Amino acid sequence: MTAHHHSGALPNMSLDMRAWNIRRKALLMGEVQGQGYIGQALGVADVLATSYFHALEYRPEDPEWEGRDRFLLSIGHYAIALYAALMEAGILPENELDTYGMDDSRMPMSGMASYTPGMEITGGSLGQGLGIAVGMAMGLKRKKNPAFVYNLMSDGELGEGSTWEAVMSATQWKLDNLICIVDFNNQQADGPSRDALAQGAEAPKWQAFGWHAQEVDGNDLPALVKAFDTARALSDPKPRVIICNTKMCKGVDFLERRESNHFVRVEAEEWSKALAVLEEGKPQ
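Let us look at the structure shown here. (Residues numbered from 1 in each chain as written. Predicted model: local features only at pLDDT ≥ 70, side-chain atom pairs only at ≥ 80, totals over all residues. Heavy atoms only, no water.)

Side note on empty space enclosed by the protein
Alright, step 1. One pass over the full model with this rule turns up one cavity of 30 Å³ or more.
Alright, step 2. Lining of the largest cavity is provided by 13 residues; of these, Tyr 58, Arg 68, Asp 69, Ile 91 and Glu 120 occupy positions nearest its centre.
Alright, step 3. For the lining of the largest cavity, the per-class residue count stands at seven nonpolar, one polar and five charged. (1 Å grid on protein atoms, 1.4 Å probe; cavity = no way out; pocket = protein on both sides within 12 Å on 5 of 7 lines; lining within 4 Å. Points joined across faces, edges and corners; volume = space filled by probe spheres on them. Nonpolar A, V, L, I, M, F, W, Y, C, P; charged D, E, K, R; others polar.)

Shown next as structure tokens:
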């Protein structure tokens, strides 16, 4: 199951290049504000590239198209990453990049559905996205709409009770049109996610709740493509989850090495350094 409604002048661009472009756009937006959740954006870029340029059905010129797959950003503070993907997909115009986080911008620092084309929900009240996704998946089924609902959430949201209520509901209603993606970067505002709540192996936990679960390296594009294809093609009447282990600040080594990179403060001269480092790793 491959390419859907891809846009842009180069429809055959590699996923490597898409992910690189997403990272670059996120860095350029971060530079506008001088700060931001850039670690998450760099880490999750491969997941977004696979979502938007391999898995999702959508029409860039018609973000409200009824047949589209819904991509929910439960983690509202990852908006900078999604904006970069939406620009790369041709849903948001690239010339708005410099407005990121400004008054009157269509790209506020935390994602809000009322402002931004392609932003399906206002996320950020963490632990709510999967519950909304369950309702959306139920609604699509009742309308006999074959679209999928993808919900991107963070490892921190695995500590929220509302997440597990949604997990049980999805199993109860046999929501085989629901694919949850967990960005597991093991980093929360207060430190490592695994120190916040006793989180053991994730996939068996979801399986115990009746989900089809896969765990992959979230920065390995071929592994992501395979996992997304498996989730989508599965014939079992059950919801699916892909747990993606990602590295914060992936692609910019000096930021990767920072002890705490939940919210990265990058000094003015470091933005150009980060872009230069990224440029060195540009796919051929």
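Now, onward.
So, helix H3 (residues 79-88)
Alright, step 1. Here H3 lies mainly inside the structure; 10 of its 10 residues are buried.
Alright, step 2. Elements in contact with the buried residues of H3: helix H1 (15-33), helix H2 (38-55) and strand S2 (70-73). (Buried < 20%, exposed > 50% of the residue type's maximum accessible area, 1.4 Å probe, protein only. Helix = DSSP H or I, 4+ residues; strand = E, 2+ residues; numbered from the N terminus. Contact = heavy atoms within 4.5 Å.)

Observations regarding the pattern of salt bridges
Alright, step 1. Taken as a whole and assessed by the stated rule, the structure comprises 11 salt bridges.
Alright, step 2. For Asp 46, the salt bridge is made with Arg 23, and the minimal N-O distance between the two is 2.7 Å. One end of the pair, Asp 46, is in helix H2; the other, Arg 23, is in helix H1, and 23 residues separate them in sequence.
Alright, step 3. Judged by its relative accessible area of 5%, Asp 46 falls in the buried class. (Salt bridge = Lys/Arg side-chain N within 4 Å of Asp/Glu carboxyl O.)

As for the side chain of Ser 105
Alright, step 1. Summarising the element assignment, Ser 105 is placed in the loop between H3 and helix H4 (129-142).
Alright, step 2. Only 3.0 Å separates the side chain of Ser 105 from the backbone oxygen of Thr 99, close enough to count as a polar contact.
Alright, step 3. Residues contacting Ser 105, with those up to four places away along its chain left out, are Thr 99, Tyr 100 and Tyr 115. (Polar contact = N/O pair within 3.5 Å; in protein donor to acceptor, adjacent residues only side chain to side chain.)

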